[in-house]
There are 2 protein chains.
Amino acid sequence: MPSIKDVAKLAGVSIATVSRVINNSGKVSPEKRSRVIEAIEKLNYQPNLLARGLRQQKTRLVGCLVPDVENLVFARLAKYLEEFLSARGYSVILCNTNNDKNKERNYLSVLVQRKVDGIIFSRVSDESILFMSSYFRQVPYVVLDRTLEIEFAPTVKLDNFLGGFLAARHLVELGHRCLACVTGPLKIRLCRERLEGFREGLKVAGIDLRNEYIVESDFKINGGKEAALRMLATGNLPTAVFAHNDMMAFGVMQAFRSEGLDIPRDISVVGFDNIPLCEVVSPSLTTVAQPFEEMARLGVELLDSLIRGEKVTQKVMVVKPYLVIRSSTAPPRVA
Amino acid sequence: MPSIKDVAKLAGVSIATVSRVINNSGKVSPEKRSRVIEAIEKLNYQPNLLARGLRQQKTRLVGCLVPDVENLVFARLAKYLEEFLSARGYSVILCNTNNDKNKERNYLSVLVQRKVDGIIFSRVSDESILFMSSYFRQVPYVVLDRTLEIEFAPTVKLDNFLGGFLAARHLVELGHRCLACVTGPLKIRLCRERLEGFREGLKVAGIDLRNEYIVESDFKINGGKEAALRMLATGNLPTAVFAHNDMMAFGVMQAFRSEGLDIPRDISVVGFDNIPLCEVVSPSLTTVAQPFEEMARLGVELLDSLIRGEKVTQKVMVVKPYLVIRSSTAPPRVA
DNA sequence: CTGTTAGCGCATTCAC
DNA sequence: GTGAATGCGCTAACAG
């Protein structure tokens with residue numbers, strides 16, 4: 001591996017001049033510049049980013065923590081984060097925490113040791129945040145998709161209440177009066193928000209969301225199936241179901257269909273997330289879409305500003321979900 | 001950020017002693033050791049891995065190139081790679097090339113500049129490999145899931161021919177005599193291998209795979225749909241279909257079902273990959289499973305050996321796929 | 001056992 | 001414009 005010295009020697013200049021050429025800083029005579037460029041190409045020289053980082057005290061590295069890359073939601077988020085970060089000249093260390101607090105802790109430590117310029121957290125546990133808090137003044141960070149209880153934490157989040165509300169309004173407008181909600185784990189704040197938004201959407205139409213129509217589940221497809229089966233078991237079916245994510249909605253649809261019900265003729269289903277699969281299943285799934293790309297873009301912009309030390313006035317950004325109407329929702333059958 | 005100097009000062013020892021404690025190298029008196037440890041904790045000192053990497057000429061960083069993290073196959077692979085690599089003390093820079101040759105090129109360059117200890121390629125283009133070849137003697141690498149035409153390239157790959165063969169044998173054993181294959185892009189070698197394996201599996205049963213029953217597609221769900229519709233259009237339906245991945249198999253199932261056909265009563269379908277969705281769709285999908293975890297494990301082991309400079313006798317490893325029989329396959333209806 | 005020192009590769013003063 | 005010298009934080013070689 002050639003170093004800057006080798007280039008300098010070959011070009012017959014000092015390493016300072018080579019550095020100036022590489023970084024386009026300072027004045028260099030055209031002649032020496034071309035000699036340096038020639039040497040660089042001849043040696044196939046690549047600057048050592050470790051050394052540069054050590055010297056400059058910045059690395060153009062950003063760490064991204066996600067709970068599960070196999071989850072389509074986070075795969076998507078990760079993809080966009082990476083795309084926008086690399087467009088701004090950052091490399092990304094992607095850390096899959098697997099929802100494991102110890103892994104989170106470890107990764108945070110590793111990222112700090114590797115001197116990342118910033119960190120983007122997505123849905124980490126409060127414990128990790130606590131652990132991380134000792135670094136909070138040392139390394140810029142942005143929290144994505146999850147609100148922290150920490151004041152002033154720079155955050156990009158979805159208006160989950162609105163998401164639930166949109167689902168409710170859509171179903172009410174179709175004429176549904178008997179609705180159910182399959183939630184994610186209610187210990188997660190965003191689930192509570194989605195539920196409350198849904199409840200409010202019904203309330204403004206004069207409909208009560210009865211407790212027996214709230215089924216708590218786990219964001220997984222099988223959880224959705226089980227939730228639907230539980231409803232079937234009561235014999236008291238709603239005419240429409242709102243699930244807190246698309247996977248559970250798929251499970252709900254499958255369970256109902258396996259019992260001979262037709263979607264949406266017998267029961268309408270609304271999901272949440274708008275993962276690509278929504279449009280390919282049949283019937284295609286009406287869902288509350290999360291603007292992942294926008295969230296990633298905002299998160300990256302925010303982090304970049306923080307890293308560059310720019311003054312950031314708005315540290316908490318809330319993005320709006322929107323409804324994508326497909327074929328899984330329809331007016332209820334006339335009773 | 002405290003440095004080793006601060007620790008040394010606080011503990012009243014030299015930086016060499018601190019280094020010895022950190023790395024557990026050399027002998028240090030118990031007393032000084034505990035003083036150092038105390039200082040480290042007090043200052044919340046974290047070693048600077050840039051400096052260490054620069055000094056040691058190794059970083060414990062590994063770069064992983066995948067074509068598309070949103071694709072469940074690669075998300076899975078990436079997850080396992082990360083898991084096994086971090087278990088061995090490596091951090092991972094995950095690069096999503098988005099099937100873009102320029103991004104591949106860029107990433108390779110970045111990884112080299114960041115002095116990664118090794119690289120794991122998954123399904124990169126031949127062009128990138130060409131570009132990379134200038135580094136091949138400088139940085140250890142392993143090719144996953146795709147064979148290169150380069151001699152001696154360390155590789156972990158699937159026996160794709162066997163995969164096709166297994167699918168064929170299963171269907172033939174069920175009694176099918178009229179079979180079709182929905183392939184991925186045939187310019188990709190592994191698709192040709194899967195197809196040939198399938199053909200051979202039929203051949204040993206005395207069945208010819210007729211050309212009109214080979215439909216080339218694109219690995220996507222919609223591609224599968226279209227392929228099925230094309231078959232329907234000919235009016236000459238097979239009794240079983242083998243698709244080169246699960247997503248296309250889902251598309252095939254959907255298209256057939258939307259035309260009133262029943263899976264597996266009217267038509268059996270076999271997929272490839274064994275993504276988690278296989279067991280949750282209905283009917284659940286019989287498929288040729290790729291042992292992603294094993295591939296990742298072998299790839300990481302191989303790379304680690306290479307990095308450590310161990311002598312590696314077997315540089316090309318071929319892993320075997322296996323059949324997972326679910327509900328999408330059944331004997332054909334009696335003609 | 002322990003401390004001093006050199007140097008990894010680079011950007012950045014500061015003289016000239 | 002240009003080069004010599006310094007130091008980022010660390011490990012390793014060496015001397016004691």
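Residues numbered from 1 in each chain as written. Chains lettered and ligands numbered in written order. Predicted model: local features only at pLDDT ≥ 70, side-chain atom pairs only at ≥ 80, totals over all residues. Heavy atoms only, no water.

A. Quick peek at the overall build of chain A. A tally of regular secondary structure across chain A gives 12 helices and 12 strands. For a compact globule of 335 residues, the expected C-alpha radius of gyration is about 20 Å, and chain A comes in at 26 Å, more than 25% above that figure. Projected onto its principal axes, the C-alpha coordinates of chain A cover approximately 90 × 40 × 35 Å. The buried share of chain A, taken over its 335 residues, is 57%. Restricting to contacts in chain A with at least 6 residues of sequence separation, those with at least 24 account for 71%. Just so you have it, chain A exposes about 14,900 Å², and 49% of that area is on carbon and sulfur atoms. Taken together, the 45 basic and 37 acidic charged side chains of chain A have centroids lying 8 Å from each other. (Helix = DSSP H or I, 4+ residues; strand = E, 2+ residues; numbered from the N terminus. Rg over C-alpha atoms; globule rule 2.2 N^0.38 Å. Buried < 20%, exposed > 50% of the residue type's maximum accessible area, 1.4 Å probe, protein only. Contact = heavy atoms within 4.5 Å. Areas by Shrake-Rupley, 256 points an atom, 1.4 Å probe, with all protein chains shown as cover. Lys, Arg positive; Asp, Glu negative; His and termini not counted. Charge placed at Lys NZ, Arg CZ, Asp CG, Glu CD.)

B. Structural detail: the interface of chain A and chain B. Facing the 51 residues of chain A at the interface are 51 residues of chain B. In terms of surface lost to chain B, no three residues of chain A exceed L50(A), E70(A) and R114(A), which account for 16% of the buried area on that side. Inspection of the chain A/chain B interface yields 6 salt bridges. For E70(B), the salt bridge is made with K79(A), and the minimal N-O distance between the two is 3.1 Å. (Buried area = accessible area lost by both parts, 1.4 Å probe. Salt bridge = Lys/Arg side-chain N within 4 Å of Asp/Glu carboxyl O.)

C. Expanded view of the protein's contact with DNA strand C. Residues in contact with DNA strand C amount to 27 residues; listed here are only the nearest, I4(A), Y45(A), R55(A), R20(B) and S29(B). When the atoms of DNA strand C within 4 Å of the protein are grouped by moiety, sugar and phosphate amount to 64% of the total. One of the side-chain N or O atoms of R55(B) is found 3.2 Å from a base nitrogen in DNA strand C. Separating a sugar or linking oxygen of DNA strand C from a side-chain N or O atom of Q57(B) is a distance of 3.4 Å. Elements with a minimum of two residues in the surface near DNA strand C: α1 (4–11), α2 (15–23) and α4 (49–56) of chain A together with α2 (15–23) and α4 (49–56) of chain B. For the surface near DNA strand C, the element with the highest residue contribution is α2(A), accounting for 5 residues. (Near = heavy atom within 4 Å. Polar contact = N/O pair within 3.5 Å; in protein donor to acceptor, adjacent residues only side chain to side chain.)

D. Expanded view of the protein's contact with DNA strand D. If you check the shell around DNA strand D, you find 27 residues, and the closest are R20(A), S29(A), I4(B), Y45(B) and R55(B). Sugar and phosphate atoms form 68% of the subset of DNA strand D atoms that lie within 4 Å of the protein. Interatomic distance of 3.2 Å between a side-chain N/O atom of K32(A) and a sugar or linking oxygen of DNA strand D. Contact distances for DNA strand D include 3.0 Å between a phosphate oxygen and a side-chain N or O atom of S19(B). For the surface near DNA strand D, the secondary-structure elements that each account for two or more residues are α2 and α4 of chain A together with α1 (4–11), α2 and α4 of chain B. The element that contributes the greatest number of residues to the surface near DNA strand D is α2(B), accounting for 5 residues. Split into classes, the residues belonging to the surface near DNA strand D amount to 10 nonpolar, 9 polar and 8 charged. (Nonpolar A, V, L, I, M, F, W, Y, C, P; charged D, E, K, R; others polar.)

E. Spotlight on the relation of the copies chain A and chain B. For the pair chain A and chain B, the best superposition has an RMSD of 0.1 Å and corresponds to a rotation of 180 degrees with a translation of 0.0 Å parallel to the axis. The two molecules are tied by a two-fold rotation axis, judged by turn and shift. Taking the C-alpha atom as reference, chain A places I93(A) closest to the rotation axis, 2.3 Å from it. Of the interface residues in chain A, 100% have counterparts in chain B that sit at the interface too, so the contact is made through matching surfaces. (Least-squares fit on C-alpha atoms with pLDDT ≥ 70 in both.)

F. Highlighting the sheet that holds strand β3 (residues 118–122) of chain A. Residues and elements named next belong to chain A. Here we have 6 strands laid out as an open sheet, ordered β2-β1-β3-β4-β5-β11, and parallel in their pairing. Strand pairing shows two members of the sheet lacking a second neighbour, β2 (91–96) and β11 (316–319), which therefore form its edges. Each strand axis lies, on average, 15 degrees off the axis of its neighbour in the sheet, ignoring direction. The pairing of β3 with strand β4 (residues 141–144) spans 4 bridges and is classified as parallel. Among the inter-strand pairings, S122 is bridged to a residue of β4, identified as L144. (Pairing = 2+ DSSP bridges. Axes fitted to C-alpha atoms, helices over the stretch in contact; angles between N-to-C directions.)

G. Spotlight on the packing of helix α5 (residues 72–87) of chain A against helix α12 (residues 292–307) of chain A. Residues and elements named next belong to chain A. Between α5 and α12, the shortest axis-to-axis distance is 9 Å and the interhelical angle comes to 45 degrees. On the basis of the axis angle, α5 is oblique to α12. The hand of the α5/α12 crossing is right-handed. Across from V73, R76, L77, Y80, L81, F84 and L85 in α5, the residues of α12 making contact are F292, E293, A296, R297 and V300. Its residues placed into classes, the contact of α5 with α12 shows 9 nonpolar, no polar and 3 charged. (Parallel < 35°, antiparallel > 145°, perpendicular 65-115°, else oblique. Left-handed = near helix turned anticlockwise from the far one by under 90°.)

H. Quick peek at the pattern of salt bridges. All names here are of chain A. Throughout the structure, instances matching the rule amount to 32 salt bridges over all chains. Close ionic contact of R265 with D262 constitutes a salt bridge, the shortest N to O distance being 3.8 Å. Assessed through its relative accessible area of 29%, D262 is described here as partly exposed.

I. Here's a closer look at the sheet that holds strand β11 (residues 316–319) of chain B. All names here are of chain B. A sheet is described by the order of its strands in space; here 6 strands give the open sequence β2-β1-β3-β4-β5-β11, paired in parallel fashion. The outermost strands of the open sheet, each flanked by one partner alone, are β2 (91–96) and β11. The sheet shows a mean angle of 15 degrees between the axes of neighbouring strands, direction not considered. For strand β4 (residues 141–144) and strand β5 (residues 155–158), the ladder comprises 2 bridges, and the chain directions are parallel. Considered in β5, the bridge of V143 is made with T155.

J. Summary view of the packing of α1(B) against helix α3 (residues 30–43) of chain B. All names here are of chain B. Between α1 and α3, whose axes approach to 9 Å, the crossing angle comes to 125 degrees. In terms of their interaxial angle, α1 and α3 are classed as oblique. The way α1 lies across α3 gives a crossing that is right-handed. Two secondary-structure elements touch here, α1 through D6, V7, L10 and A11 and α3 through R35, V36, A39, I40, K42 and L43. A class-by-class count of the residues in the contact of α1 with α3 yields 7 nonpolar, no polar and 3 charged.

K. View of helix α8 (residues 160–174) of chain A. Over its 15 residues, α8(A) extends 22 Å from the first C-alpha to the last, a length consistent with the 21 Å expected when each residue adds 1.5 Å. Burial in α8(A) covers these residues: N160(A), G163(A), G164(A), F165(A), L166(A), A167(A), A168(A), H170(A), L171(A) and V172(A). (Expected span 1.5 Å × (residues − 1).)

L. Highlighting the side chain of K79(A). Checked against the element boundaries, K79(A) lands in helix α5. Given the relative accessible area of 15%, K79(A) is considered buried. Beyond its immediate chain neighbours, meaning those up to four positions away, K79(A) contacts V69(B), E70(B), N96(B) and N98(B).

M. Quick peek at the state of the cysteines. Taken as a whole, this structure holds 0 disulfides over all chains when the rule is applied. A disulfide-free cysteine, C178(A) has its sulfur positioned 13 Å from the sulfur of C181(A), the nearest such atom. Of the cysteine sulfurs around C181(B), a residue in no disulfide, the closest is that of C191(B), at 9.1 Å. (Disulfide = S-S within 2.5 Å.)

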